[in-house]
Amino acid sequence: MQRRNFLVTAAAATTVPMSSAVAGPSSRKIKVLDTYLTNAELFPKHASLQPGARLLLRRDPQRTYNPASIQVLDEAGVPLGYLPPVSAQVLGVLMDHGTTAEAMVSSGGKLSVSILTL
């Protein structure tokens, strides 16, 4: 019985209230996944990706291959490729419900995807 009380007390002590996790100026972006760019070979500008570059994400429901696709564009709106289907599955649903998402190129060419909060 003492062990159970200890575990409950420890869990309660380490819980962070959601309001404090969302509040504040640093909470404007929430990182949701690390992924990579697919179909980049179809877009000539993909080779110019530099670490730290900010990328735009846009739903592409007209894409016949995968209507759940999320297109990756540079800041000028030039297409660079797509997110992998597994990454686009949940993120696409969030974007369909009004969530704004963006990506940042990290070292090694990976994409760090964040959603933007109000």
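This section reports on the structure supplied with the text. Everything quoted here is computed from the prediction, not taken from an experiment.

Some thoughts on the side chain of Ser-69
Positionally, Ser-69 belongs in the loop between strand E2 (54-59) and strand E3 (70-73). Setting aside residues up to four positions removed in sequence, Ser-69 forms contacts with Arg-58, Arg-59, Asp-60, Arg-63 and Tyr-82.

Here's the deal with the side chain of Thr-38
Looking at where Thr-38 falls in the secondary structure, it is placed in the loop between strand E1 (29-35) and E2. Residue Thr-38 is classed as buried on the basis of its relative accessible area, which comes to 15%. In contact with Thr-38, other than residues within four places in its own chain, are Gly-81, Tyr-82, Leu-83 and Pro-84.

Comments concerning the sheet that holds strand E5 (residues 100-105)
One open sheet accounts for six strands, arranged E1-E6-E5-E2-E3-E4; its pairing is antiparallel. Edge positions in the sheet fall to E1 and strand E4 (79-82), since each of these pairs with one other strand and no more. Between one strand axis and the next, the sheet turns by 30 degrees as a mean value, whatever way the strands run. As paired elements, E2 and E3 share four bridges and run antiparallel to each other. In the strand pairing of E3, Leu-56 is matched with Leu-73.

About the criteria used
Residues numbered from 1 in each chain as written. Predicted model: local features only at pLDDT ≥ 70, side-chain atom pairs only at ≥ 80, totals over all residues. Heavy atoms only, no water. Helix = DSSP H or I, 4+ residues; strand = E, 2+ residues; numbered from the N terminus. Contact = heavy atoms within 4.5 Å. Buried < 20%, exposed > 50% of the residue type's maximum accessible area, 1.4 Å probe, protein only. Pairing = 2+ DSSP bridges. Axes fitted to C-alpha atoms, helices over the stretch in contact; angles between N-to-C directions.

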